[in-house]
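Structural characterization, general
Listed here are the chains, written in short residue letters.
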Amino acid sequence: NVVKVAFKKLCSTKMREMVRDTGRRCDGRAVDEVRPISIDVGVLPHTHGSSVFTRGETQSLATVTLGDGSMNMKGENLDGQTAKRFYLQYSFPPCSVGEVGRTGAPGRREVGHGNLAERALVPGVPKE
């Protein structure tokens, strides 16, 4: 296990040095280069809205379901009761990037990505 951890640390260090010294990522892109994204909308016929986003080998399927005010997501915080009329459910299974792995409860990275995506979408949500 010690050798495995040391090898991983060495690989990470060498990768960072390569990016710093060459200005290129391991896939050949420059550090300021963003892969193009394609978006297809209306891909699922029986939802209120749907789209597929593709960037490189990564794909994301997004669906929208509309409801009335009684369907708000209710919760509690230190200030008392809360109700959100828009919330994003985000999942990033290994198969979405061509990998094989376990799926289950979202990890810290998924939760963070979902929160960022939700914050980006909130300005586009119509007022009540």
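Just so it is clear, the model here is predicted, and its values are computed rather than measured. (Residues numbered from 1 in each chain as written. Predicted model: local features only at pLDDT ≥ 70, side-chain atom pairs only at ≥ 80, totals over all residues. Heavy atoms only, no water.)

Pairing within the open sheet is antiparallel, and its 3 strands lie in the order S1-S2-S3. Edge positions in the sheet fall to strand S1 (37-41) and strand S3 (58-64), since each of these pairs with one other strand and no more. Sheet twist, expressed as the average angle between the axes of neighbouring strands with direction ignored, equals 15°. Where S1 meets strand S2 (residues 49-55), 5 bridges bridge the pair, whose relative direction is antiparallel. Looking at the pairing, Asp40 lines up with Val52 of S2. (Pairing = 2+ DSSP bridges. Helix = DSSP H or I, 4+ residues; strand = E, 2+ residues; numbered from the N terminus. Axes fitted to C-alpha atoms, helices over the stretch in contact; angles between N-to-C directions.)

What follows covers a nonpolar patch on the surface. A surface patch of nonpolar side chains, amounting to about 300 Å² of accessible area, comprises Ile37, Ile39 and Val41. Note on placement: Ile39 falls in strand S1. (Patch = residues over 30% accessible without salt bridge, like charges linked within 9 Å, V, L, I, M, F, W, Y side chains within 5 Å. Areas by Shrake-Rupley, 256 points an atom, 1.4 Å probe, with all protein chains shown as cover. Salt bridge = Lys/Arg side-chain N within 4 Å of Asp/Glu carboxyl O.)

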